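Notes for the structure review
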Amino acid sequence: MLQYLVILLDDTSTSFCHYSVNKKERRLISLDDLRRGIRFGMVENLMIQFVYPDYTLPQEYLDVIDTIDHSNIKPFAAIDSETDIVVIDDWECDAAKLKDSVVVLRTNWKQFYKNHSKLKGLLNVVQRLNIVITDLERMSDSDREQYKTVLDTLSKDLETLYVDGKSPQFNLLTDRIMLSEMNNCNAGDTTITLAPNGKFYICPAFYYENEDNVGDLDNGLDIKNRQLFKLNHAPICRMCDAWQCRRCAWLNRKTTLEVNTPSHEQCVAAHLERNASRDLMLSLRSKGTFLPDKEEIKELTYLDPFEIATQWK
């Protein structure tokens, strides 16, 4: 059942996930399509998220946007008092401007390893931090070991902040602790995207990668094999308890050619995060009462659920 509508306001709207924005020329969604998109969201009772470019929109667009309750996803260059989620690609941005913000930091493996020591300072000021690895599918065996080491370091940094009375949310380490079931991206199931061309796509990545649209404002949605975007039709994911995993349909399609089947790399990364979350939870509990109503995260002997697929019933 749909719950969210993402509206890309311009072809150069910021990326807040794994995909890259490969369109360089500005092209605003038409005012008519913007109004019709908002009307679609109202009729379907959807929460609307607007994704902004790095320049100021014309006032008539801002006036139309303000006709509906919504969330604003903006790049750091466009941050203002109306920003709900800030997207940054630069490790050197002014952290003071991010105080109490919800932040998405997009980075590749190389930059993540090089700059991860800066994250403690960022976690000290933000409300929530989501790290998005933009080349996740290129994870190598050496990355696996290095990622585990970095997560262990970040876990100790986060533990220090929690002991000091702070409680930042950090997708790589705290989400799995707080969740009791899968909480994935769910593009194509609970979320759909309206692009600047007035057509619907599974998510922004499908638009920028020139995948087929799944409907338009004139005829509504037409998602083929829609059940494949649901968790109960994902044979590996529905047996998994790495509940914080994004379960990205676009990465699935890109790496396995199936929207409901994740790559080995996506599973390994998610399980390394899951295991680091387990260690963090145990360490915090050793220092006092910490989420007493939450079950302990079980220890696993694998990093990819496919390794035990023959044991499933």
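In this report, we go over the structure that sits alongside the text.

1. Quick notes on the sheet that holds strand β8 (residues 191-194)
With respect to topology, nine strands assemble into an open sheet ordered β7-β6-β5-β4-β3-β2-β1-β8-β9, the strand pairing being mixed. Both edges of this open sheet fall to β7 (169-170) and β9 (200-201), since each of them pairs with a single strand only. Where strand β1 (residues 4-8) and strand β2 (residues 47-51) come together, five bridges link them in parallel fashion. Counterpart to Tyr4 in the pairing with β2 is Met47. The strands that helix α1 (residues 31-43) touches are β1, β2, β8 and β9; relative to β1, the one it contacts most, it runs at about 170°.

2. Some remarks on the pairing of β1
By the criterion of burial, β1 is predominantly enclosed, with four of the five residues buried. Considered for its hand, the β-α-β crossover made up of β1, α1 and β2 is right-handed. Sheet topology note: the β1/β8 ladder contains four bridges and is parallel. Its bridge partner being in β8, Leu5 is matched across the sheet by Ile192.

Cut-off values and rules
- Residues numbered from 1 in each chain as written.
- Predicted model: local features only at pLDDT ≥ 70, side-chain atom pairs only at ≥ 80, totals over all residues.
- Heavy atoms only, no water.
- Pairing = 2+ DSSP bridges.
- Helix = DSSP H or I, 4+ residues; strand = E, 2+ residues; numbered from the N terminus.
- Contact = heavy atoms within 4.5 Å.
- Axes fitted to C-alpha atoms, helices over the stretch in contact; angles between N-to-C directions.
- Buried < 20%, exposed > 50% of the residue type's maximum accessible area, 1.4 Å probe, protein only.
- Right-handed = clockwise from strand over helix to strand, strands pointing away.

As far as function goes, none of this settles anything; it's purely spatial.
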